[in-house]
Structures are given as C-alpha cells and as structure tokens.
Amino acid sequence: MTGKNVLNSNNAGGAGQSRAVGLFLLKRYEEAVEAYDDLLRRDPDNIVFWLNKKICQIYLSPPDAAFFNDMLQRLNDLPAQGYLCLADVLSDLQRYEEAVVFANKAIEKDPDNVDACLLKSILLDNLDRFDEQYDFICTFYPRLKRDERVLCFLSYYAVLFWNMQQADYFLKKALKLNEPFVLQNNFFYVTLEAKNREEKIITYGAQALDDRTDNPTVWLALGKAYAVLGQNKAVDETFEALSRLATIPDDIKLQWIGCLIEEKEFEKAFDLLSQISDFSEEYFLLVYSFLYEMHRSGQTQKAREKAYFWLSEDDPDPSIDFLCTAFLGEQTDMPAPLFFVKKISEIFAVRRLDQTKNKKKYFGTDLLDQALQSVKLPIGRSMSVLDIGCGTGAASSVLTDFSRPSGVLTGVDISDFILDFASDRQTYNELEESDIISFCSENTEKYDLVVGLDSLFFFSDLMPVFQSVNQALKPKGLFAFTVRASESKDDFIEDFSLDFHGYFKHNPDFVSACLNAAGFEELYRADGLLYRISKTQELHGHVFVAQKKA
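Analysis parameters
Position numbers for residues count from 1 along each chain, tracking the sequence in the order it is written. Given that this is a predicted model, residues contribute local features only at a pLDDT of at least 70 and side-chain atom pairs are listed and counted only at 80 or more, while totals for whole chains, interfaces and linings are drawn from all residues. In computing side-chain properties, one takes all heavy atoms of the structure into account and sets aside hydrogens as well as water. Patch criteria: residues need more than 30% relative accessible area and no salt bridge. Like-charged residues are merged within 9 Å; nonpolar side chains of Val, Leu, Ile, Met, Phe, Trp and Tyr are merged within 5 Å. Here the accessible surface of atoms and residues is derived via Shrake-Rupley with a 1.4 Å probe, and residues count as covered only by protein chains that are part of the display. Should a side-chain nitrogen of Lys or Arg be within 4 Å of a carboxyl oxygen of Asp or Glu, the pair is scored as a salt bridge. Two residue types count as positive, namely Lys and Arg, and two as negative, namely Asp and Glu; His and chain ends fall outside the count. A charge is said to be at NZ when it belongs to Lys, at CZ for Arg, at CG for Asp and at CD for Glu. Elements are defined by DSSP. Helices are runs of H or I of four residues or more, strands are runs of E of two residues or more, and each kind is numbered from the N terminus. Burial classes: relative accessible area under 20% of the type maximum marks a residue as buried, over 50% as exposed, and values in between as partly exposed (1.4 Å probe, protein chains only). Any Phe, Tyr or Trp ring, taking Trp's six-membered ring, that has another such ring centre within 6.5 Å forms a pair; planes under 30 degrees apart are called stacked, those over 60 apart edge-to-face, and the others tilted. Only Lys NZ and Arg CZ are tested; either one counts as a charge over a ring when it is within 6 Å of the ring centre and within 35 degrees of the ring normal. Two strands are counted as paired when DSSP detects at least two bridges linking them. Handedness of a crossover is defined as follows: with both strands directed away from the viewer, a clockwise route from the first strand across the helix to the second makes it right-handed. To get an axis, a line is fitted to the C-alpha atoms, and for a helix only the part in contact is used. The angle between two axes follows their N-to-C directions and goes from 0 to 180 degrees. Any angle from 65 to 115 degrees is called roughly perpendicular, while one under 35 is roughly parallel, one over 145 is roughly antiparallel, and all others are oblique. For any helix crossing, the convention is left-handed if the near helix is rotated counterclockwise from the far helix by under a right angle, and right-handed if that rotation is clockwise. Contacts were defined at the residue level, with two residues in contact if any of their heavy atoms lie within 4.5 Å. Classification convention: Asp, Glu, Lys, Arg as charged; Ala, Val, Leu, Ile, Met, Phe, Trp, Tyr, Cys, Pro as nonpolar; all other residues, Gly among them, as polar.

Asker: Can you walk me through a negative patch on the surface in this structure?
Answerer: Together, D333, D461, E494 and D495 make up a region of like negative charge exposed at the surface. Relative to the assigned elements, D461 resides in the loop between β4 (447-452) and α26 (463-472). Since its relative accessible area comes to 33%, D461 is described here as partly exposed.

Below, the structure written as structure tokens:
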C-alpha cells in the first residue's frame, strides 16, 4: 500500500492529517476513519478529508450501488487526482467496472492526465475489453507520446501481442526521452522480463539504484531476474532489501523460498513458508521440496519437526496432511488426495518416462505382457482397451496388440501435463483427463480389457477402484494391474502400508480378497521386479489378472 491512494489537503489539519494518513498506510482503516472524523469536525467542508474517509470505508467493507451514487453526487467538484485515487483503490480491490467510472471522471477533468489514461487502459485489459482498450490508446497516444510512462506502457502492450520490434522501438524512445525516470518504471522492467532480458534488467536495475535506493519496483525486478538466472544468493539479498520497503506478495515469497531451499537455507525458508496463508500448487511443491531436501541434507530430525508443525495446524490442507503423514512414517487408511496424486506424478513424470524406456531399469511392461499371455488373451481382436492412470504411456506398447487392428485404446490420467507425454507416443486412440474412479464409473460396460500398470499405488483400500473398474468392464471383461510389494520379508504388511514418499504397498492376499468382494474372479497372480532404481535399490510388486464375474 502506498500514499497514492490518499489525497493531501492544503487546509488545516497538520499533525491530525499526518496521523490519519499514517493509519491508512498501516491498513488500520477503522482508526483512520475515526481520525478523519476528528478532522471533519474541525473542517466539515474539506472534500479531501471526506474523500479519504470514504476510501478507508471502501477498504473496510464492499461498497454497494447506493454508496457509489452518493460518491458521484458529492464529488462533482473534485479534481482529477481525487477521482484517480478512487479508481486506484477500486482497482486494488478488483472492482474494475466501478474503477473505470472514476477513471473516466478523472480523464474528463484532465484529458492529459497520464496516470488516469494508463490506469483506464489497464482496467479495460483486466475486463477483457480489448477493442475498447485499443481505441482508447489510439486517442491518447498522439497527445502523450513524449511521456516516458506512456512509451513504457506501450512497449509492454506491444510485447503482449508479440510485436517485439515495436516494443524495442518504444523502449529506446523512452530511454532517450528520460532515462533516469524510465529506469524507475515498472512497465520498463516488465517488458524486459517478458522478452527474457534478465541481464539487461540487472544492468539497468543497478543504474536505477544509484539514483534511488527506495523504489520497490526496481528491487522486485532485480530479484526476479536473479531467480531466473539461478543466482540464489543475490535473490535472497535483493528480496530481503525489498521486504524492508514493501509488503512482499505471496507469489514472490514462494519464488524466494525456492531459492532458499536450493541454497539449503532451511530455517529462513521455513519462516517464509509459515507466512503464506493461502494454499496453492506452488506452496505444496515447496513444502514437498523443503522436507525431502532437508532429509537428503542429513537434517531428517529437523525436517520431522517441521512436518509435525504442519500437521498440528488447525485446518491443514489434505495434501499437506497426507504428505507429512507419509514423511513421518505414520499410517492412514485414507487414499492419497487427488491433488497430491497429480502433483507427485508430475514431479516424477520425466524420470518415470526415462525409466520406463530403459529395459534395464523398468520391468513393469514385461510383467504385464507375461500376465496377459498366461491367461491366453488373444491379440489382434480389436478390443476396447482402457489404460487407467496411463501416465506417460508405458503400458501402451503392450496394449496396442489387443486393440489392433480396429479397436480403441483409451488412456486416462489425472494430469494433462503427463498426458502430453503419452500423446507423444502416438499409440492411443483417445486420451482423457480424469481421475480413475470417476471415469470408470461414468463409462459403464464399455471395455473388454482394463489395465492399471503402476497406477494403484496411491490407493489404500482397493475396493472403491475395483468396484468402479468392474462397472467399466463388459461381462467377463479382464482387469490386469500391478501393486507395490513389501520391501523385504521383515516388512510385513497386514493389508496396506503407506511408505515414506506417499505410495501404498499391498499385501497380495488383501488384494485377492478385494477382487473377490468387488465381483472379480482371480485368474493370475505373480510377484516380480518392477523397477531397478540403483545397484542396491529395487522395487518389487505383485501383478494380477482378474475376470469380471458373470
């Protein structure tokens, strides 16, 4: 929050006005309203005090139509800057339609007000009113084209439309007009960022700091540029400086945290993670990276303490809860949350793709092929085949034998990112983004063969997925799949067990019981090596083939 959202009055007020503005900047809006009430008692006709009070009230509660009508009736004699303040506040609150109304009033008062013209352009962009935005820019550009702020904005606007030559033209022209001010302009750095000119951002940013060290725009641009270039220590120093000047938004904190984790600055990373209030994909990935990087760095006990902290929160996110439960070696009968499944699968997608293409490291397709041969499933019968949790498509090399010459091979996975890898194989007739249970339940008696190669590892109790697969199969259809096995004879699993990374291992007798209860007849069961992770580490599994009972 900056002082641009309040007006200063030349009338009496002195220390009282300074206090009111100070409370506003601290976001103590209720106290600021009281301070402006005191000022208005002494100077009841002061339109600036009245407006600033209204601005505080806007931040306190969402304004309605009556509020805006009252504002417009009272503010007919307000200068352009007053309307601009209101438009700016409403823009902060993402009330873009109302903000445009007040931006227009500011422009009516002062058609050459650059800030008002630029704000209206941005608001129209936020409202997807692109044709209107273009026409509006064409009206003010001829008058204001010698203002460096306009040129910087237009350079960014040109980049959005991939007109890089025009963007360079506007930037060069702006620098010639007023380089010191251009180097403090947000759109100047945003344009360079969009053009992947991080080295230039660093060069120009250093020059800007020579003139002025308190501009958050410059520090932010520098920090983001250092992050892209992998200069993590510089990122930390830059964002630390930024934090002393302004409130850092969560998306920038997340970027900062990622760099700190890479530098193994775990305590500082944890402090920043604790300040993030909203759950997001980036937040989950950073918590995951934080815990396992600490573990790999030999700080397992400290990592466990952090995991217990996240578990102890009043309302932990289910994916964070599940992640910490697995990391701590605790057990649960809840399946992995779908968000967890999607993100963990995406983290390891490229590694899994490399592994499954390496015959010396991955043996799941061989186990599947042997299992289907053992039940004498004929090839070349144009079957309708479903590959559930298809991932990057490892099973398709086996399954095309059964869908050819004119059948259909369908792959379903929860991640569109991973489906892109499966699509590259050009072996599937159809690829669908969905979770396994939902998809199978919605496609009743459609498939001759359903296969789940390495896709049931995120389920605890297998009954829900088995029942949904049963629904998707035609009468006497076949279901082939793998599950993870215990790592040693000493690692006894009663039914299922959650491992360190969030995957479930299953007792084969429990799997057989679930198959029978879900309406299947077991035809084949075998043990085998799924992955050779390293010379000393192997992952074993159980492979099953079952038939839907008549």
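Asker: In this structure, what is going on with the packing of aromatic side chains? I would like to understand it.
Answerer: What describes a pair of aromatic rings is the distance from one ring centre to the other and the angle between the planes of the rings. Inspection of every chain in the model, using the stated rule, returns 38 aromatic pairs. Relative to F340, the ring of F322 lies with its centre 4.9 Å away and its plane at 70°, an arrangement referred to as edge-to-face. Residue F322 is located in helix α19 (residues 318-327), and its partner F340 is located in helix α20 (residues 338-347); the two are separated by 18 residues in the primary sequence. The same class applies to F322 as to F340, namely buried. Three or more aromatic residues link up through ring pairs in this structure, and these residues are F279, Y283, F284, F322, F339, F340, F458, F496, Y503, F504 and F510. If you follow R352 out to its NZ or CZ, it ends over the ring of Y531, 5.3 Å from the centre.

Asker: So what exactly am I meant to see when it comes to the pairing of strand β2 (residues 408-413) here?
Answerer: Across a regular strand the side chains alternate sides, sitting on one face of the sheet and then on the other. With five of six residues buried, β2 lies mostly within the body of the structure. Here β2 pairs with strand β3 (residues 430-433) via four bridges, running parallel. By the bridge assignment, D413 is partnered in β3 with E433. Handedness of the β2-helix α24 (residues 416-424)-β3 crossover: right-handed.

Asker: When you look at the packing of helix α16 (residues 266-273) against helix α17 (residues 281-296) in this model, what are you seeing that I'm missing?
Answerer: How two helices pack is summed up by the angle between their axes together with the distance between the axes. The interhelical angle for the contact between α16 and α17, taken along N-to-C directions, is 155°, at an axis separation of 11 Å. As the angle between them shows, α16 and α17 are arranged roughly antiparallel. For the element pair α16 and α17, the recorded crossing hand is left-handed. Taken together, the residues of α17 that come into contact with α16 (itself represented by F266, A269, F270 and L273) are Y283, L286, V287, F290, E293 and M294. Taken together, the residues of the contact of α16 with α17 break down into nine nonpolar, no polar and one charged.

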